[in-house]
Amino acid sequence: MGSKYTKRYSEEFKRDAIALVASSGRTVTEVARELGVSSESLRGWVKKANGAGQAAAGAPVAAGSGLDAAEREELKRLRKLAADQAKTIEILKKATAFFAKESDR
């Protein structure tokens, strides 16, 4: 039984949130925080959507329709690398601004 304070979200909102997680490359927690939704709720929606997608396609994944374990690991590695590079770029931008300001003195 749910609390009387439990928020209800439309199916359209849930679909859009799931699509944002899938397309943005950000974590479920980051997207949930941005949308003002519980990360556990969003994680459950994503898990349910992934399970429904696999059930609709049948137990085995058809060729070209999904990622195998190696591809998922590679995608995870590349996303981590991209995040690390974005942090490095941000640090370099700040350092450039700092040194440009110092050289004007």
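Residues numbered from 1 in each chain as written. Predicted model: local features only at pLDDT ≥ 70, side-chain atom pairs only at ≥ 80, totals over all residues. Heavy atoms only, no water.

## Points about the overall build of the protein chain
Logical step 1: Counting its secondary structure elements, the protein chain contains 4 helices and 0 strands.
Logical step 2: For the protein chain, the succession of helices and strands along the chain, N to C, is α-α-α-α.
Logical step 3: Across the 105 residues of the protein chain, 10% fall into the buried class.
Logical step 4: Taking all contacts inside the protein chain whose residues are at least 6 apart in sequence as the whole, residues at least 24 apart take part in 41%. (Helix = DSSP H or I, 4+ residues; strand = E, 2+ residues; numbered from the N terminus. Buried < 20%, exposed > 50% of the residue type's maximum accessible area, 1.4 Å probe, protein only. Contact = heavy atoms within 4.5 Å.)

## Here we look at helix α4 (residues 69-103)
Logical step 1: Between the first and last C-alpha of α4 there are 51 Å, a value that for 35 residues agrees with the 51 Å anticipated at 1.5 Å per step.
Logical step 2: The distance from a side-chain oxygen at the start of α4 to the backbone nitrogen of Ala70 is 3.2 Å, and the residue carrying that oxygen is Asp68. (Expected span 1.5 Å × (residues − 1). Polar contact = N/O pair within 3.5 Å; in protein donor to acceptor, adjacent residues only side chain to side chain.)

## Digging into the nonpolar core
Logical step 1: By size, the foremost hydrophobic cluster in this structure holds 10 residues: Ala17, Ile18, Val21, Val28, Val31, Ala32, Val37, Leu42, Trp45 and Val46.
Logical step 2: Looking at this core, the elements that each hand over two or more residues are α1 (11-24), α2 (28-35) and α3 (39-57).
Logical step 3: The residues touching Val37, leaving out its near neighbours within four places in the chain, are Tyr9, Phe13, Ala32, Leu42 and Trp45. (Core = buried A, V, L, I, M, F, W, Y, C linked by side-chain atoms within 4.5 Å.)

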